[in-house]
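Below are the chains, spelled out letter by letter.
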Amino acid sequence: MKSLFLAGIAAALVAPSIASAQTADEDGFSGVYIGAAGGYDVQPNDRGSSILFDTNLDGRFGDTVNTAAGANAFAPPVGGFCNGRARVGTSPTNPTSPGACAKDKDGWAYYGRIGYDYQRGGLVLGAVGEFGKSEITDSVSAFSSTPASYVMTRSIDWEASIRGRVGYTPNNRTLFYGTFGPGYARIDREFSTTNAVNGFSESGKRNHWGITGGGGIEQKVANNVSLGLEYMYHQYKDDDYRVRAGNAGDTAASNPFLLVNGSGTDFRRSDDKFRWHSIRATAAYRF
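Numbers given for residues are sequential positions, taken from 1 along each chain in its written order. Only residues with pLDDT of at least 70 get local features here, since the model is predicted, and only at 80 or more are side-chain atom pairs given and counted; chain-wide, interface and lining totals rely on the full set of residues. Remark: hydrogens and water are excluded; side-chain values derive from all non-hydrogen atoms of the structure.

1. Some points on the overall build of the chain
Here comes step 1: The numbering of helices and of strands both runs from the N terminus, where a helix is a DSSP run of H or I of at least 4 residues and a strand a run of E of at least 2. If you tally the helices and strands in the chain, you get 1 helix and 16 strands.
Here comes step 2: The buried share of the chain, taken over its 287 residues, is 41%.
Here comes step 3: By definition in these notes, contact holds between two residues if any of their heavy atoms fall within 4.5 Å. Within the chain, contacts between residues separated by at least 24 positions form 72% of all contacts whose residues are at least 6 apart in sequence.
Here comes step 4: Per-residue accessibility takes into account occlusion by the displayed protein chains alone, with areas from the Shrake-Rupley method and a 1.4 Å probe. In the structure as shown, the chain presents an accessible area of about 14,100 Å², 60% of it carried by carbon and sulfur atoms. Burial here depends on accessible area, computed with a 1.4 Å probe over protein chains only, as a share of the maximum for the residue type. Under 20% is buried, over 50% is exposed, and the range in between is partly exposed.

2. Some words on the sheet that holds strand β11 (residues 199-203)
Here comes step 1: Only strands that DSSP links by at least two bridges are regarded as paired with each other. Taken together, the 4 strands give an open sheet; going across it, the order is β2-β15-β14-β11, and neighbouring strands pair in antiparallel fashion. If you trace the sheet from one side to the other, it starts and ends with β2 (51-54) and β11, each paired once. Direction aside, neighbouring strands of the sheet carry axes that sit 25 degrees apart on average.
Here comes step 2: Pairing of strand β14 (residues 242-246) with strand β15 (residues 265-269), which is carried by 3 bridges, proceeds in the antiparallel orientation. Looking at the pairing, Val243 lines up with Phe267 of β15. To obtain an axis, a line is fitted to C-alpha atoms, over the contacting stretch when the element is a helix, and the angle between two such axes runs from 0 to 180 degrees between their N-to-C directions.

3. Some remarks on the nonpolar core
Here comes step 1: Buried Ala, Val, Leu, Ile, Met, Phe, Trp, Tyr and Cys residues form a nonpolar core when they are joined through side-chain atoms within 4.5 Å. One finds Phe74, Tyr150, Met152, Phe257 and Phe267 to be the most contacted residues of the largest nonpolar core, which totals 16 residues.
Here comes step 2: Elements supplying a minimum of two residues to this core: β2, β8 (137-144), β9 (148-168) and β14.
Here comes step 3: Membership of the second largest hydrophobic core comes to 7 residues, among which are Ile156, Ala185, Tyr236 and Trp276.

4. Concerning the state of the cysteines
Here comes step 1: To count as a disulfide, a pair of cysteine sulfur atoms needs to be within 2.5 Å. Scanning the model with the defined rule gives 1 disulfide in all.
Here comes step 2: Paired by a disulfide, Cys82 and Cys101 hold their sulfur atoms 1.7 Å apart. Its S-S torsion of approximately -65 degrees makes the covalent link between Cys82 and Cys101 left-handed. Taken together, the residues span a long stretch of sequence, with Cys82 in strand β3 (residues 80-82) and Cys101 in strand β5 (residues 101-102) at a distance of 19 residues.
Here comes step 3: According to the relative accessible area criterion, Cys82 is buried, its value standing at 9%.

5. Examining the pairing of β9
Here comes step 1: Note: strand β7 (residues 123-134) against β9, 10 bridges, orientation antiparallel. Paired with Leu123 across the two strands is Tyr168, which belongs to β9.
Here comes step 2: Bridge count between β8 and β9: 8 bridges; the pairing is antiparallel. Pairing of Ala142 across the sheet is with Tyr150, part of β9.
Here comes step 3: Between β8 and the antiparallel strand that follows it, β9, lie 3 residues.
Here comes step 4: Taken together, β9 and the strand that follows it, strand β10 (residues 174-193), pair antiparallel across an intervening segment of 5 residues, in which Asn172 is found at a positive phi of about 70 degrees.

6. A word on the pattern of salt bridges
Here comes step 1: For salt bridges, the criterion is a side-chain nitrogen of Lys or Arg within 4 Å of an Asp or Glu carboxyl oxygen. According to the stated counting rule, one finds 24 salt bridges in the structure shown.
Here comes step 2: As a salt-bridge pair, Arg269 and Asp138 come within 3.0 Å of each other at their nearest N and O atoms. Taken together, the positions of Arg269 in strand β15 and Asp138 in strand β8 put the pair 131 residues apart, joining distant regions of the chain.
Here comes step 3: On the basis of relative accessible area, Arg269 is assigned to the buried category, the value being 6%.
Here comes step 4: Exposure remark for Asp138: the relative accessible area of 3% places this residue in the buried category.
Here comes step 5: A salt bridge links Asp239 to Lys237; the shortest N-O distance between them is 3.9 Å.
Here comes step 6: One connected set of salt bridges, linked through shared partners, spans Asp138, Arg154, Arg189, Asp238, Asp240, Arg269 and Asp271.

7. Some details on the side chain of Ser155
Here comes step 1: Counting through the fold element by element, Ser155 comes out in strand β9.
Here comes step 2: Assessed through its relative accessible area of 19%, Ser155 is described here as buried.
Here comes step 3: If sequence neighbours within four positions are ignored, Ser155 has contacts with Ile136, Thr137, Arg186, Ile187, Asp188 and Phe274.

8. Some points on the confidence of the model for the chain
Here comes step 1: Counting all residues, the mean pLDDT for the chain is 85, and 84% of those residues have values of 70 or more.
Here comes step 2: Per-residue confidence from the prediction method is given by pLDDT, with values spanning 0 to 100. For residues 1-25, every residue scores under 50 in pLDDT, and the model assigns this stretch 7 contacts once sequence neighbours within four places are set aside.

9. What about the side chain of Arg163?
Here comes step 1: Tracing the chain through its elements places Arg163 in strand β9.
Here comes step 2: Classification of Arg163 by relative accessible area gives buried; the value is 2%.
Here comes step 3: Residues contacting Arg163, with those up to four places away along its chain left out, are Arg113, Gly126, Ala127, Val128, Glu130, Thr179, Phe180, Gly181, Thr212, Glu230 and Met232.

See the structure below:
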């Protein structure tokens, strides 16, 4: 009798779990869902990036900025470039010295999303819209022999994307998928310098189109709830930001930015693509 009683309790406990798994199997991944994604964003090493100059304001960059003596104001060993932010308090005359530049900042990211999937057999097709923010920053610095440092930095204020999803589920509980689509982001820019002689003005649009894509795995932990792990790649063309060094009362003979035309020199970054990689945890609730 005792054995029958224990068996009855065990059956009562196991039956709901079996029923839930069967329901999850039957429902699969079809339907509307809302969710969230959060993780860590990492930038590729933009080794060799620099700042380019347009000294005659003809729209073509790559000009050499010369001093009044005819020397390249940004030539080593006292001048040059680094793919990071010039550190405050360090000598601006030696970009290759240890600690002259801080590395680009990787950071956390967090997004909300809404999507729809349609399942036929093991094939899952869908679309997902996403909106969120990344904490990454990407800088490049130039050092002149005057001496002075010039830093151009960009970061993400917000990012939105609409992507297609194609996946396969072998058992209606585990989904392997790829995703790709356009992204739209607001890119914040910042310019700083230790040059106290020139005046500097900034221009360029802040919102840019790009691409996003990646893949992941999603696992149902309940009939309506799934958790997952996802990799994403982001890339935006950021090529219109300009900084102009103008005259602030200095004379052309002592100011390399005014030697050619008296109106100043335009700066832009050599790396015109803002890109990064994301590793995220995901969660979704399906209706």
